[in-house]
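What the coordinates show
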Amino acid sequence: MQFILKSHIFLSICVVCFTAQTYWIYSDFNLPLTPLLINFVGTFCVYNLQKLYDATLESNEIEEKYKWYIQNRKLVLTLIVLSLLVSFNYIYHFLAENTSYFWCYFGAAIFTLLYYVKPLKLKRYGWYKPFHISIVFVFSCIIIPLYPKISTSDLPYITSQFLLIFCLSILYDYKDITPDLKIKLQTFAVRLKLQHFRLLVSACSLSFIITSYVIERTFFYSSLASGVYLLGLLYFLNEKRNYIYYLFFIDGTLMLQFCFTIFFS
């Protein structure tokens, strides 16, 4: 189980669930299924390659998550290569036949890289991190699958899911307060006192629930249940909790919301 969580296989499955939720809600649109595969492979490769690179930096060698990557480097790299080889033919033919999707994913890839690479290296701006991650997730898991059938009527759904990812990203940063303080990375978790941090996440969670109300009643119930779950995570927030806690319970929110969406439909 630890391998599935730490290698981001679980997160990749959660991203597929987040994308599949778009398919469930917009089932009448007859959407192509390949974005589900692309999002799984893309999430798995991007997150692991970034962690493998960070694990080579001397300043990160003492951290638990990077120690794990140092010990399992060959296995993770093998899985990355296998995932690309197995999916390449299917993804290549889809993008070759649908060039508009290719340019959408190309744009998403460039925007993602801006977070990691110089000269911008947006990752160094801790306060900006949740915004960047939320944009990438919403664009890849909602806007691209709906393209070119997306319209202004879809904005409430897009907004609600942006707020959800934003909440999860802020909560996720709480586990890294100590290392972020050392490198002076000004995340919301670092900048705010605990009571103000909880107030921010609570406000975003409530905004997520309220925005979902205008979509449709069944989805509102799903969002309400997911929002209550988020507030529960916030209540039990603790910097000293094991890294696995964050990987499972925070990433798992995407899977849980999808399950709620199916249950209440």
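Residues numbered from 1 in each chain as written. Predicted model: local features only at pLDDT ≥ 70, side-chain atom pairs only at ≥ 80, totals over all residues. Heavy atoms only, no water.

Re the confidence of the model for the protein
What counts here: Values of pLDDT, which run from 0 to 100, indicate the predictor's confidence residue by residue. Working definition: helices are DSSP H or I runs of at least four residues, strands are E runs of at least two. Numbering for both runs from the N terminus.
Within the protein, residue pLDDT values average 90, and 97% of them lie at 70 or more. Looking across the protein, the model is least confident in helix α4 (residues 64–71), with a mean pLDDT of 82, and most confident in helix α2 (residues 9–25), with 96.

Focus on unusual backbone geometry
Following Tyr147, the chain continues to Pro148 via a peptide bond in cis, the omega torsion being 5°. Within the element layout of this structure, Pro148 appears in the loop between α7 (129–146) and α8 (155–173).

Some details on the pattern of salt bridges
Rule in force here: Salt-bridge detection follows one rule: a side-chain nitrogen of Lys or Arg within 4 Å of a carboxyl oxygen of Asp or Glu. Here's how the labels work: a residue is buried when its accessible area is under 20% of the maximum for its type, exposed when over 50%, partly exposed in between, all with a 1.4 Å probe on protein chains only.
Counted under the stated rule, the structure contains two salt bridges. One salt bridge connects Lys129 with Asp173, and the closest N-O pair in it is separated by 2.9 Å. With Lys129 in helix α7 and Asp173 in helix α8, the pair connects residues that are 44 residues apart, well separated along the chain. There is no split in this pair, since Lys129 and Asp173 are both buried. As a salt-bridge pair, Asp176 and Lys175 come within 2.6 Å of each other at their nearest N and O atoms.

Quick word on the packing of aromatic side chains
Our working definition: Only Phe, Tyr and Trp rings take part, Trp by its six-membered ring, and two of them pair if their centres are within 6.5 Å. Stacked means planes under 30 degrees apart, edge-to-face means over 60, and tilted covers everything else.
In this structure the tally under the stated criterion is 29 aromatic pairs. Between Tyr174 and Phe197 the ring centres are 5.3 Å apart and the planes differ by 40°, which places this aromatic pair in the tilted class. Pair noted here: Tyr174 is in the loop between α8 and α9 (177–182) and Phe197 is in helix α11 (residues 194–213), with a separation of 23 residues, a long-range link. On the basis of relative accessibility, which here comes to 0%, the residue Phe197 falls in the buried class. Here Phe263 and Phe264 contribute two aromatic rings whose centre-to-centre distance is 5.1 Å and whose plane-to-plane angle is 80°, an arrangement assigned as edge-to-face. Classification of Phe263 by relative accessible area gives exposed; the value is 65%. Residue classification places Phe264 among the partly exposed residues on the basis of a relative accessible area of 28%. The rings of Trp127, Tyr128, Phe131, Phe162, Phe166 and Phe188 are connected pair by pair, giving a single aromatic cluster.

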